[in-house]
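# Close look at the chain arrangement
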Amino acid sequence: MEKNGEKIVNPAAKGRETSEFLMAIVRTLSTSADFEQREKEKARIEKTFTQSDKRLGELVSENYQDLAQITQDFSTISKSVNEAREKIKKIKDDLSSCKTLLHCKRDELRRLWIEGVEQKTMVAMLDQIEQIKEVPTKLDNLLLKKHYLHGTELVVNAVAKLENQLVGVEALRDLKAELITRKEQLHEVLIDELNKQIYIKSQSPNFSSLQGKKSSTAQKQDNLKRKGVNGIPPPEKMEFGKEVKEDLNSNPEDDPTHFMAILVESLYMLRKIPEAAEGLKVRIQPELSAIVARTSQHILESTSNHVDSSNQSQCLLDLLENIFHQFRFVAHMHKVVLRNLHRIITTGSRREVSGVPVRQECLYDMTDVWSKIQAVVELLLREYLDVENTSSSRQRAPSSFDEPSTDINSFFAKKRPAKPKKMALFRFDASIHAISTNSYVDDSRAFDTGDLFSSSLLAEMGLEKNQMVCKPSVYNITAIFKPLELFIREIEDAIACPDGRSSLQAFVTDFVQNIFLGQVHYTVSTSIGSATKDLIRYYKNPQSFDALRHVVDHKIQKELGVIKPLLTSTVTVDKNLQELRELMQDLPDYADQFLNMICNTLKEYRDTCHSAYREIVQYDSDERRVISAMWAKDEDISRFLRSLPSWRSLQSASGQELASEDVCSEEEIKALNSKEAQILISNLTSSDAMIQQEIITDVTQMRTIANVHESLEWFSNRMKDFSNCLSARSATTAADIAASEYPPVSEKTLSSLKNLVKDFQDLAEICLLLLHLEVRVHCFYFLLPVAKQSNYAGPIDDLDPDSNVLKLNKDLSSMEEVLQQSLQPKKFRYIFESLGFLVASILMNSIQYMKKINENGIKKMCRNLFAIQQNLTNITMSREADLDHARQYYELLYINPDDVITMIAEKGGRYTFQEYTELVKLHHRSHAALSPSQLERRMQKLKEVFFKTPNGECDP
């Protein structure tokens, strides 16, 4: 073999080689017959020996120190070996002697050995007795520091010793009874400590809604899942494979998870796992109720025991969110306990502490915990939602919704007149004394819950009457619905419900559908019914009430941001619908039901408004309507009026921009105004019958129509904005739902809502068109008799304006006064603009009805025109040049017809051919000496001159 490149020779092999070498030399010397050969061999051997001796001397010289040390060590070792041999020999001799002696005294040795064992046993028992006597003191110290595992192990071992090794010691009988009693009571202490850890010790409620900013329920839930509760990791992330140990040098409550594991381990050592599980299960509901009571008391203390109407819902929301937060913690801690219990059951078969295995059936589970939580929350909700007091008088909401008709004409159909109802002559409800008395009573009872709560439910909840944070009401559901639904979803995710819904969800659904929706429907119907009843009474008998009583005051106008009065009924309906819209946001799961209520309410109010409208525009028992109402209903006239620039300018003022092609020049506007006047004149002067009762003579009714218009336009705009915020469920994505202010709704209901909004908008426009036409019909009503019934060929002193003109001016001034108060300036201008052109057209067209006229009559007609012009100028704040045009037309009667024809030939015609024709005819009727042939000649000449004139305005 080789080591580090050098060949290592085995000593045994080297010895064999040397021996073989010597034997070979001997054989050579003995067998060789030649002397010389032997001498040579001898010389060679001597030489080799000399070399070896020389080499040996050199090696000895080189390794002298080592050789001396080796020699010395060998001598020492040899001496020690010899001494050890002598000692061993002596020991053998001594052992042999001892054996001989022991064999002679065997019985005495056995007796001594037995006495030694007995003495040792007695000493050990005395030590155990001393330790047992110290157990109560040690146990008290351990329990005081909450080192329950060591304390349990101490008392269990002590009792085991007293029942086994020390069972016969009579002096320990009292101590044994005491320790057994304490052992039996220890498991109750451990169960109480577990309950304390679950429900009280580590609670961290967040009472901050009335004192500072509070995180949302969803954020709390995320934090719970991510970080655990109060620093405790989720049970599914805990490590249970390690042995549970207790450190006597640390505070066990610093780590709640480990502390509860110690408590469960201690209970297992006491063989009390079934009793512990049953104790925890029985205490769930009472402890949860105690949490509710403590939280309620804390909320009341944080508000200084004063809860007013402004923060009642916030107090309830704060109460529930804090209760939910604590219930989540309770469920989390129970899950931790159950994981430890299951760990004990799994590893119990391998433990020697308990000989009796723990059965799985003796434990509870998380379904039991969540069931108790749901029961406590349901009891709490029953109190605050006033279920006991409202269930006996439930108002059911309408279950179906039929799409309303959008045909406005159907509301003008003939209906049977309603029978008059008997009304009380007077009431004292609105008197100052009654109002002040009722206010005092309401304030004194605003939060007196003494007679409102069921004593049995309060006792079951552990609550006192003065611990309610707000007054019970079905409307409390609006403030708590969203966090309540989130909590219910947590419960349903945590446990597997048989039908997919938890019992708490079933209760909430039943309450909302069978109680809350009905109560909301009843409240809204009552409020709107009260407002619309007074509205109908006023419309049917406007003299019986003060009109200002049915419009909101200036304070409410300012709050609503409107400049003109609105009907109280409209504001009431809008307020109720606003509450329903808020309910759609507060209870998004029932958005369709609330939208159905909104549509039903709109339908009823639309019918009421149409009924009131019919009461105003009909003037006899046959339900014949005023002329303006029939024209506003006429499709052709309505379409034409809506096409005029003045109407389009209203739409532009409402936020709709006019297209460039819709902007008309002055000539086009004049032509359209002329066409409007022609349509009205042709409709009102086609028959010989005079306008009798076909106008609205009471200006208060016109004010009412104006109020209806302003109210319904404001109302329809608000409802339109609301409908635009809604989206159909079938066409909504998740992103749209997140960005939308309202939840998605049924497409059919949304379509119905938009149709109803269109109905209100149409009725508002009809009211404005009616006012526009009514003012013009009034002009016909007063001006048509001016030409047909007045004398314009009278004496010189008859120069005052016609009485009908004075009546018209008074009527226009009255309408100006009421409409200016009720209509916005842009709409007021729409009512009265181009009225001068119409008056001028009426009076110019009326020339055909005059039998004759003289200069006094011409002056009288000019005074008529001037009087109307002055009045219209005061109303419209413009010159009304069209009346100057009409006055100049009548002044042509001062001139001879031939001169008029000459003027047309020279300067062109300023009037139509028909107007010039009627002028010439009146001139001939006024001068009896003129023959018909002269009239025919002048007419022929007028025709020739007019149609040759470049400025002629009529076709031949």
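Our subject is the structure that appears above.
The rules behind these values
Residues numbered from 1 in each chain as written. Predicted model: local features only at pLDDT ≥ 70, side-chain atom pairs only at ≥ 80, totals over all residues. Heavy atoms only, no water. Helix = DSSP H or I, 4+ residues; strand = E, 2+ residues; numbered from the N terminus. Contact = heavy atoms within 4.5 Å. Areas by Shrake-Rupley, 256 points an atom, 1.4 Å probe, with all protein chains shown as cover. Salt bridge = Lys/Arg side-chain N within 4 Å of Asp/Glu carboxyl O. Buried < 20%, exposed > 50% of the residue type's maximum accessible area, 1.4 Å probe, protein only. Axes fitted to C-alpha atoms, helices over the stretch in contact; angles between N-to-C directions. Parallel < 35°, antiparallel > 145°, perpendicular 65-115°, else oblique. Left-handed = near helix turned anticlockwise from the far one by under 90°. Nonpolar A, V, L, I, M, F, W, Y, C, P; charged D, E, K, R; others polar. Disulfide = S-S within 2.5 Å. Patch = residues over 30% accessible without salt bridge, like charges linked within 9 Å, V, L, I, M, F, W, Y side chains within 5 Å. Lys, Arg positive; Asp, Glu negative; His and termini not counted. Charge placed at Lys NZ, Arg CZ, Asp CG, Glu CD. Expected span 1.5 Å × (residues − 1). Phe/Tyr/Trp six-rings, centres within 6.5 Å; stacked < 30°, edge-to-face > 60°. Lys NZ or Arg CZ within 6 Å of the ring centre and 35° of its normal.

## Notes on the overall build of the protein chain
Helix and strand content of the protein chain: 35 helices and two strands. Partitioning the intrachain contacts of the protein chain with sequence separation of at least 6 by distance along the chain shows that 79% fall at a separation of at least 24. By element, 51% of the accessible surface of the protein chain is carried by carbon and sulfur atoms, the whole surface being about 52900 Å².

## Section: the pattern of salt bridges
Between side chains of opposite charge, pairing is possible as soon as their charged atoms come close. The tally for this structure, following the rule as stated, stands at 24 salt bridges. Among the ionic pairs, R718 bridges to D574, the shortest N-O distance being 2.9 Å. Linking R718 in helix α25 (residues 699-725) with D574 in helix α19 (residues 568-586), this pair joins segments that are 144 residues apart in sequence. By relative accessible area, R718 is classed as partly exposed at 30%.

## Observations regarding the packing of helix α20 (residues 591-617) against α25
At a minimum axis separation of 12 Å, α20 and α25 run at an interaxial angle of 160°. Classified by the angle between their axes, α20 and α25 sit roughly antiparallel to one another. As for how α20 packs across α25, the hand of that crossing is left-handed. Every residue of α25 that contacts α20 at L595, I598, L602, Y605, C609 and I616 is listed here: Q701, T704, I705, L712, F715, M719 and F722. Of the residues contributing to the contact of α20 with α25, the split by class is eleven nonpolar, two polar and no charged.

## A short note on the state of the cysteines
The tally for this structure, following the rule as stated, stands at zero disulfides. Lacking any disulfide linkage, C767 is separated from the closest cysteine sulfur, that of C609, by 8.5 Å.

## Brief notes about the packing of α25 against helix α27 (residues 747-789)
Two numbers describe how α25 lies on α27: the axes approach to 8 Å, and their chain directions differ by 155°. Between α25 and α27, the interaxial angle falls into the category roughly antiparallel. The two elements α25 and α27 meet at a crossing, and its hand is left-handed. Classifying every residue of the contact of α25 with α27 gives 19 nonpolar, four polar and five charged.

## Section: a negative patch on the surface
On the surface, D34, E36, E39 and E46 cluster together to form a negatively charged patch. By the secondary structure assignment, E46 is in helix α2 (residues 35-62). Assessed through its relative accessible area of 44%, E46 is described here as partly exposed.

## Comments concerning unusual backbone geometry
With the exception of glycine, most residues fall at negative phi, and the peptide bonds are largely trans. For R271, which is not glycine, the phi torsion reads 60° and is therefore positive. Among the structural elements, R271 can be located in the loop between α8 (256-269) and α9 (273-282). With a phi angle near 65°, S834 is a residue other than glycine that sits in the positive phi range. Looking at where S834 falls in the secondary structure, it is placed in the loop between α29 (825-832) and α30 (835-845).

## Section: a nonpolar patch on the surface
Where nonpolar side chains cluster on the molecular surface, the patch consists of L56, V60, Y64 and L67 and spans about 380 Å² of accessible area. For the nonpolar patch, the secondary-structure elements that each account for two or more residues are α2 and α3 (64-104). With respect to the helices, strands and loops of the structure, V60 is situated in helix α2. By relative accessible area, V60 is classed as partly exposed at 33%.

## Observations regarding α8
Compared with an ideal rise of 1.5 Å per residue, which puts 14 residues at 20 Å, α8 spans 20 Å between its outermost C-alpha atoms and is within 8% of the ideal. Just downstream of α8 lies R271, where phi reads positive at about 60°.

## Description of the packing of aromatic side chains
Per the counting criterion, the structure on display carries 21 aromatic pairs. Aromatic pair F481 and Y590: ring centres 5.9 Å apart, planes at 65°, arrangement edge-to-face. Of the two residues, F481 sits in helix α16 (residues 477-494) while Y590 sits in the loop between α19 and α20, which places them 109 residues apart along the sequence. Across the pair, exposure class does not vary: F481 and Y590 are buried alike. A centroid spacing of 6.4 Å and a plane angle of 25° characterise the contact between F511 and F516, whose relative ring orientation is stacked. You'll find F511 and F516 in the same group, each marked buried. An aromatic cluster of three or more residues is present, and its members are Y889, Y890, Y911, F913, Y916, F946 and F947. In this structure, R581 is placed above the aromatic ring of F722, and the distance from its NZ or CZ to the ring centre is 5.3 Å.

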